[in-house]
Structures are given as structure tokens and as C-alpha cells.
Amino acid sequence: MTAPGAPANAFPSHMSSTAEPANLMEAVVSLAKRRGFIYLSSEIYGGFNGFFDYGPLGAELKKNIRDCWWNDMVRRREDVVGLESSIIMHPKVWEASGHVAGFTDPLVDCKVSKQRYRADQLFWSPVVVDGKTVGYVSALESENTAGELQTAAEAFKRKKAIQGTLAPVTPKDFTEAKPEEIDLIPSPATGEAGSLTAPRSFNMMFQTNVGAMTDASSVAYLRPETAQGMFVDFKNVVDTTRVKLPFGIAQIGKSFRNEITPRNFIFRSREFEQMEMEYFIHEDADWAKCHEEWIAWCEAWLKSIGLPDTHLSRYTHPKEKLAFYSRGTVDIMFKYPFGVQELWGIAARGNYDLTQHANASGKPQEMFDEATKKKFTPHVIEPAVGVDRILLAVLCAGYAEEDVTDEKGNTEKRTVLRLSPRIAPVKVAVLPLIKNKEALTARARALYTKLKRKYAVNYDDGGAIGKRYRRQDEAGTPWCVTIDFETIEKPGDTFTLRERDSMKQRRITEAELFALLEEQVY
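> I tried to follow the overall build of the protein chain on my own but got confused; where do I start?
When helices and strands are tallied, the protein chain shows 15 helices and 26 strands. A burial count over the protein chain gives 50% of its 522 residues as buried. Taking as baseline every contact in the protein chain between residues at least 6 positions apart, the subset at least 24 positions apart corresponds to 65%. A distance of 3 Å separates the average location of the 68 positive side-chain charges in the protein chain from that of its 71 negative side-chain charges.

Following this line, the structure appears as C-alpha cells:
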């Protein structure tokens, strides 16, 4: 299996910050709003929790991530085809898949503060002194949940003036609380016990109605994942194309989940975009080998769009936590400012989904094996990733603040977004040295017009050239081309090319510029 990768002499992607701000997440959120990457949805009405709008730069960045994935996953492979299924599907699809009955999160309410929590993200521990439980503490899930609980336990002991030796805390999530313990565990919102409800199931699918009537017969759902569309169209793809096992069906599209607690900016939201692929294999194939090949492919692809290897890791789901039909699941994890979290899940799902839909619809989802002359239901490997989570990852990994010195010896702070040229919203900025010189602006406009035919390009003639460079640095633009007096006065028709990361400048011709873009933007 060929993994995606950058050319040997690819644009450097040293993503680590030279001077990481004290609160990286706060800096990224501020930049995202200030430069038009991401806005809070319906902001003029106070916003709508869990929903976001993508501004001019954000829309371009998101499109580039999608396009890179689609090109590498579908167009540049011979064994994967694309699909676009509808967001609202027959409700029986979600009954067969188990989403109607089982797509739930455990919900806990604080009756005093009216706050809601996912029970598996609300942690607690008994406070044990000299072997005796003297109280309870709680904390929301974080990178240091155990530390926060321990600090809370120590504070509880001091406040109550309890003498003796405090035992280390034993963090448990709220689903593990016994009925008699629930009333004793304090709410994270108030710090007082007695206000938390017992966990109850909460179905995360958004319900809607289709047709003129609003009753039980018209109930439908916004899809919570894109995968089921590929399973229910499996036979259509097999019957209308020339695919042969092993092969994949890929899809990019919006999904909707009524998350109890949307959090961490766009990391967990209620409307999001997924890029999923179902890779169908023979029932006798070496699924573990195929699974590992796809994990490696996904890791290589993330690196090809600029995510640093130092921020990536793997998490293998323990067997006891797997779904009964799952043979194995591995998550590619990313080091976000708020902790190491799941970025891309690669699951070996067996033939569960196709079998469920075959049983529910009465339509067999089988293929014929010429060798054995028998029909069988293929098994599947599923790499599934969120576009929004990738976008947040590249913003966090690419953000840097640096102290730079100009030619006069003055030091200033530079904010730079080191995005890979593959996904950068603007590939080149064309800058005439001054805007009131017709010969310069005419040549700049001519180059800008030519570049626009193929690439996202920005034309900027406002302000000092240094200020314009800084604007492009914040937007993540890899290259700036300055049309200066040497361009129009000396032979060769060369421009000044300034590289974002190194800030080095060199002369370059138009042909060399297009060759550079052709090599780096693929």
C-alpha cells in the first residue's frame, strides 16, 4: 500500500514554536477570529453553542484539507472510489445500524446550576484518611484529572480539619458511582453535594420530520456519521462499477451529534465534517495486516500536510472495551494544547454493518468468490477522521511567536502560522513594492491574474512592505513575491521571493515560481 508523502525536497515544515505563548489555545482562538479563519455561529445574537462558521481563510483551509484527502485517498489510488450520500436517510437505516437504540451518552444534570455533563467525563474519588472514607471530591476530565482530584482531596481535609494520613485518590468516572454515593459526590459547578442526578441515557441524534405531517410516521434523523451511507450503497457501487476486492468507498460530508457538552473550540461540536473510507476485504483476508497498513497510511498522510511526528501517537483500544463485533481499533492521537486527544480512528469492524443492513432490508449484501464458488459478506477496515479536528491540529501545531530583528536592528514580535503549502489558504501573495508606480502595479497585476487561474493568491499593496509580510505570516502564506524596481529596470524579469518560515529572500523568475508551486502544492 503506497502511503502519501511530500517530495524529497519539500517545503520545510518545522512546526514547533520558537516562543510558545503561555496559553497556546487562547492564542489560536484569537488568531482564528482576528484573521477570519473561524467565527462563532450566529455571533450577533450571542452565538449558538457547538456551532461555528468558517471565514474566508478558514473556508479555504478547510477546502484544501478536504481536497488533499480526496486526491490522495480517491483520485491517486486505483482501489478506492468516491460517494456522496444524503444527510437524511430512511430512519430504518439508523435502526439497523443500532443508532436509534444505542447511540447514547450518559447524561448527568446539576439541579442547582443547571449544568449538564457527560457522565464519562465527570470524575470523582472518595477522600480516604487512615483507611476511612470521610468525603468525596469531583473534577471534570482534563489532562491532569488525578492531580486535580488529589488537590481537591487535600483542600477538603484541611477545610474539615481532619487529622491523619490522606490516601492517594482513586479516580472513577460518574458511571461507576453507586446509587448511595451519587448524593455524596459534589457538583463541579457548585462544589456542594446532593445536586447531581443519576446518569441517564441521552440519544445524540438530531431528530427532524420529513413531509407535511409532524407525527411518528414522519420522524427522521440528521446523520450522526457518514459511514452508513457507504454501507447501504455498497451493492449499488459493486453492481455499477468494476471494483474488485479489496476496494474502498470514500466519502466527505457533514454529520450532526447533539453533544451534551461541546468543548475545546471546534474539537467537539454539534455540526462537523467527516472524511471516512470503508475498505472492503475478503472474509479470509489477513485483516490485521490490512488494518496496520491503513494505520500507517493515515499517519503518513497527516505528516504530508505538515503535522509533526512529535505530536502524533497511537492508542490501541483494549479488547474489553471494543464493541462485540470489532476485531480491533487504533486511534491516531494528537497533542492538542488541552491534552492528547483522538484525531483519527481506524477500526476493523468485521462484517457487522453489511450483515445488519442485509437482515433489516432483506437484501443480501454479498459478493461471489470465483475461487470457492461461494457467496460471502465482505469485512471492512474503517479509517474515519474529522476535518474540523485536523484543521484545529494544523492551527495549533503551526502557530508560533518569534522575536525578529529588522535591517535597522529593531526587534519586534512576529506571529506566524507555519502551514504546509499543500493546505495553506493562500499560496502566494503578490506585492508591488509601492502602489503609486504604474509600471510596478501593472506587472504585479499581470502576475496575480496569471497565478489566480490555478492557485489561491492574494494581492496586497497597502502599507509598508514589512507590514504586508507580517499580515501574510499570520495567514500562513508560504511565499510572498515582491515586484520591485529591479523587476522592471533590469533584464531577466525577476521578482523577490520571500519565504515565510526562514524569511529569506532571493530572486526568481516567473517560470521558476510556477515550477516551485507545481512541486510543493500537490
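> Even after reading the chapter, I still don't get the pattern of salt bridges, so can you show me in this structure?
Where charged atoms of side chains with opposite charge meet at close range, the side chains can pair. Taken as a whole and assessed by the stated rule, the structure comprises 41 salt bridges. Linking Arg-470 and Asp-473 is a salt bridge whose minimum nitrogen-to-oxygen distance equals 3.6 Å. One end of the pair is Arg-470 and the other is Asp-473, both in helix 13 (residues 465-475) and three residues apart, which spans about a single turn. Counted as one network, the salt bridges with shared partners bring together Glu-402, Glu-412, Arg-414, Arg-418, Arg-470, Asp-473, Arg-498, Arg-500 and Asp-501.

> What should I look at first to understand helix 11 (residues 387-398) in this one?
Helical periodicity: at 3.6 residues per turn, an α-helix aligns residues three or four positions apart in one direction. If you check helix 11, its first and last C-alpha atoms are 16 Å apart, about what 12 residues at 1.5 Å a residue would give, namely 16 Å. In terms of burial, helix 11 is a largely internal element, 12 of the 12 residues being buried. When we look at burial in helix 11, the residues that qualify are Val-387, Asp-388, Arg-389, Ile-390, Leu-391, Leu-392, Ala-393, Val-394, Leu-395, Cys-396, Ala-397 and Gly-398.

> What is the right way to look at the sheet that holds strand 9 (residues 200-203) in this model?
What holds strands together in a sheet is hydrogen bonding between their backbones, with the strands either parallel or antiparallel. In spatial order, the strands read 5-4-9; together these three strands make up an open sheet with antiparallel pairing. Strands with a single pairing partner mark the edges of an open sheet, and in this sheet they are strand 5 (116-118) and strand 9. Averaged over all pairs of adjacent strands, the angle between strand axes in this sheet comes to 50°, irrespective of strand direction. Bridge count for strand 4 (residues 104-109) against strand 9 is four bridges, and the pairing is antiparallel. By the bridge assignment, Leu-107 is partnered in strand 9 with Arg-200.

> Any chance you could explain the pairing of strand 19 (residues 379-386) here in plain terms?
Regular strands have side chains that alternate between both faces of the sheet. Burial of strand 19 is extensive: eight of the eight residues sit out of reach of the surface. Side chains His-379, Ile-381, Pro-383 and Val-385 project from strand 19 onto one buried face, and the interleaved Val-380, Glu-382, Ala-384 and Gly-386 project onto a second face that is buried too. Across six bridges, strand 16 (residues 339-350) lies against strand 19 in antiparallel orientation. The residue bridging Trp-344 from the neighbouring strand is Val-385, located in strand 19.

> I would appreciate a short explanation of the environment of Thr-310 in the present structure.
Here Thr-310 is to be found in the loop between helix 9 (287-304) and strand 14 (312-316). Among the residues examined, Thr-310 registers a relative accessible area of 67% and is labelled exposed. Measuring from C-alpha to C-alpha, the distance between Thr-310 and Phe-334 comes to 9.1 Å, with 24 residues separating the pair along the chain. A polar side-chain atom of Thr-310 sits 3.2 Å from a polar atom in the side chain of His-311.

> Explain the nonpolar core to me, please; I cannot follow it from the model alone.
For soluble globular proteins, the rule of thumb is that nonpolar side chains tend to be buried together. Counting 62 residues, the largest nonpolar core has Trp-69, Trp-301, Trp-344 and Ile-390 as its most contacted members. Tallying contributions element by element places helix 11 first for this core, with nine residues. Excluding its chain neighbours within four sequence positions, the residues that come into contact with Ile-390 are Ile-65, Met-275, Trp-301, Leu-302, Ile-305, Leu-343 and Val-385. Counting 20 residues, the second largest nonpolar core, distinct from the first, contains Leu-440, Leu-447, Ile-483 and Leu-497.

> Explanation requested: a nonpolar patch on the surface in the structure shown.
A contiguous nonpolar patch, built from Ile-87, Ile-88 and Val-210 and spanning about 220 Å² of accessible area, is present on the exposed surface. Mapped onto the fold, Ile-88 is located in the loop between strand 3 (80-82) and helix 3 (91-97).

> Mind showing me how you'd approach the layout of surface pockets here?
A water-sized probe, rolled over the atoms, reveals where empty space remains. By volume, the second largest pocket amounts to about 400 Å³. As for the second largest pocket, its lining consists of 15 residues, of which Asp-406, Glu-407, Glu-412, Gly-466 and Arg-470 are closest to the centre. Going through the elements one at a time, strand 20 (399-405) and helix 13 are the ones with two or more residues in the lining of the second largest pocket. Residues belonging to the lining of the second largest pocket are distributed by class as follows: five nonpolar, three polar and seven charged.

> Would you mind going over the packing of aromatic side chains with me for this structure?
For any pair of aromatic rings, the description consists of the separation of the ring centres together with the inter-plane angle of the planes. Overall, the coordinates contain 18 aromatic pairs when judged by the stated rule. Ring centres of Tyr-325 and Tyr-352 lie 4.0 Å apart, and the angle between their planes is 10°; on these two criteria the pair is classed as stacked. Taken together, the residues Tyr-325 in the loop between strand 14 and strand 15 (328-336) and Tyr-352 in helix 10 (residues 352-361) connect sequence positions 27 residues apart. A relative accessible area of 24% places Tyr-325 in the partly exposed class. Using a relative accessible area of 15% as the deciding quantity, one classes Tyr-352 as buried.

> Before we go on, may I ask you to explain the environment of Gly-58 in this structure?
For Gly-58, the position within the fold is in helix 2 (residues 56-75). Linking Gly-58 and Ala-475, residues 417 residues apart in sequence, is a C-alpha distance of 9.8 Å. Non-local contacts of Gly-58, meaning those with residues more than four positions away in its chain, are made with Gly-36, Phe-37 and Leu-391.

Rules used throughout
- Residues numbered from 1 in each chain as written.
- Predicted model: local features only at pLDDT ≥ 70, side-chain atom pairs only at ≥ 80, totals over all residues.
- Heavy atoms only, no water.
- Helix = DSSP H or I, 4+ residues; strand = E, 2+ residues; numbered from the N terminus.
- Buried < 20%, exposed > 50% of the residue type's maximum accessible area, 1.4 Å probe, protein only.
- Contact = heavy atoms within 4.5 Å.
- Lys, Arg positive; Asp, Glu negative; His and termini not counted.
- Charge placed at Lys NZ, Arg CZ, Asp CG, Glu CD.
- Salt bridge = Lys/Arg side-chain N within 4 Å of Asp/Glu carboxyl O.
- Expected span 1.5 Å × (residues − 1).
- Pairing = 2+ DSSP bridges.
- Axes fitted to C-alpha atoms, helices over the stretch in contact; angles between N-to-C directions.
- Polar contact = N/O pair within 3.5 Å; in protein donor to acceptor, adjacent residues only side chain to side chain.
- Core = buried A, V, L, I, M, F, W, Y, C linked by side-chain atoms within 4.5 Å.
- Patch = residues over 30% accessible without salt bridge, like charges linked within 9 Å, V, L, I, M, F, W, Y side chains within 5 Å.
- Areas by Shrake-Rupley, 256 points an atom, 1.4 Å probe, with all protein chains shown as cover.
- 1 Å grid on protein atoms, 1.4 Å probe; cavity = no way out; pocket = protein on both sides within 12 Å on 5 of 7 lines; lining within 4 Å.
- Points joined across faces, edges and corners; volume = space filled by probe spheres on them.
- Nonpolar A, V, L, I, M, F, W, Y, C, P; charged D, E, K, R; others polar.
- Phe/Tyr/Trp six-rings, centres within 6.5 Å; stacked < 30°, edge-to-face > 60°.

By themselves, these figures tell us nothing about what the structure is for.
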